[in-house]
Amino acid sequence: MTIQPIETRYAGHRFRSRLEARWAVFMDHMGIPWDYEPQGYVVDGTPYLPDFLVYPGQEGQFWLEIKGGFPTKDEVAKAQGLAIGTEITAFVYWAKPEPPAPDLSHLTEEQLNGWDQTGYVWTDDCGWREYPTLPPAWQLDLWPTAYRLNPSGKPTKIKSGFHWWTECAVCGHIRLAVSGQQGYCPRFDRMTSEEIHRKVGRLYPRFGHRAPRVLAAYNAAKSARFEHGQSGA
Ligand SMILES: [Zn+2]
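Residues numbered from 1 in each chain as written. Predicted model: local features only at pLDDT ≥ 70, side-chain atom pairs only at ≥ 80, totals over all residues. Heavy atoms only, no water.

**Describing the pairing of strand S7 (residues 62-66)**
Here comes step 1: Most of S7 sits inside the fold, with five of its five residues counted as buried.
Here comes step 2: When strand S6 (residues 52-54) meets S7, the two strands line up antiparallel, connected through three bridges. Looking at the pairing, Leu53 lines up with Trp63 of S7.
Here comes step 3: Taken together, the four bridges between S7 and strand S8 (residues 90-93) define a ladder with parallel strand orientation. Its bridge partner being in S8, Ile66 is matched across the sheet by Tyr93.
Here comes step 4: Each parallel crossover has a hand, and the one from S7 via helix H2 (residues 73-86) to S8 is right-handed. (Buried < 20%, exposed > 50% of the residue type's maximum accessible area, 1.4 Å probe, protein only. Helix = DSSP H or I, 4+ residues; strand = E, 2+ residues; numbered from the N terminus. Pairing = 2+ DSSP bridges. Right-handed = clockwise from strand over helix to strand, strands pointing away.)

**Describing the side chain of Lys67**
Here comes step 1: Examined against the element boundaries, Lys67 turns out to sit in the loop between S7 and H2.
Here comes step 2: At 3.5 Å, the side chain of Lys67 forms a polar contact with the side chain of Glu65.
Here comes step 3: The residues contacting Lys67, other than those within four sequence positions of it, are Leu19, Glu75, Val92, Tyr93 and Trp94. (Polar contact = N/O pair within 3.5 Å; in protein donor to acceptor, adjacent residues only side chain to side chain. Contact = heavy atoms within 4.5 Å.)

**Here we look at the domain arrangement of the chain**
Here comes step 1: According to the domain assignment, the chain contains domain 1 (8-101 + 145-223) and domain 2 (107-141).
Here comes step 2: Relative placement of domain 1 and domain 2: their C-alpha centres are 27 Å apart.
Here comes step 3: Of the residues lining the interface, seven residues belong to domain 1; the matching set on domain 2 comes to seven residues.
Here comes step 4: Counting the surface lost from both domain 1 and domain 2, the interface buries some 600 Å², and carbon and sulfur atoms represent 70% of this.
Here comes step 5: Here domain 1 and domain 2 share zero salt bridges between them. (Domains from an automatic or database assignment. Buried area = accessible area lost by both parts, 1.4 Å probe. Salt bridge = Lys/Arg side-chain N within 4 Å of Asp/Glu carboxyl O.)

This is the structure we're talking about:
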């Protein structure tokens, strides 16, 4: 027996699943432009139709592949092939459309990184190197949300993990950022670090995953009702 999700109509699109439609509602609520299934590709001999292209044609555009659960190795490999082939970063996102973490703004930089407990590992190039033996305490209650696949094919420091929708408090740009950290928003590129510090204050640690606009969008996504469904589930 096989089961398939029923198509969901929203904003003139026929989404393959209700979950995808909820993410479209989420992005619409924040004014983030997206295309749904704009282009199919053959990745390593297999046809692949990625779900969303977010900020299409703009600086910082990215693929967003929505999964209902933790992706398989094949799914991650396909998204990696897509990122390399199109030279556009791809995210495979499997967490639910709800805030992925509580308010963490009380955390200090040390608590955020949790590197107070260290062990040692031998590396051929550097000899003995310190590494953290315990994850930061705040992370233990949380689940990872997504994979990030880079166009270079090289993993970022964190490939699978805490990628959260994060609003820049300065320009309002929303992107998927590790641990909801604003860090250096792409739109800061023309500012020197002194200018940023003077105008904006420090950018790390600084959380943007529970900005009011983001929380409201999660709410809208969760409570959206679509055609052909009574429960909205
Ligand atoms: Zn910004």
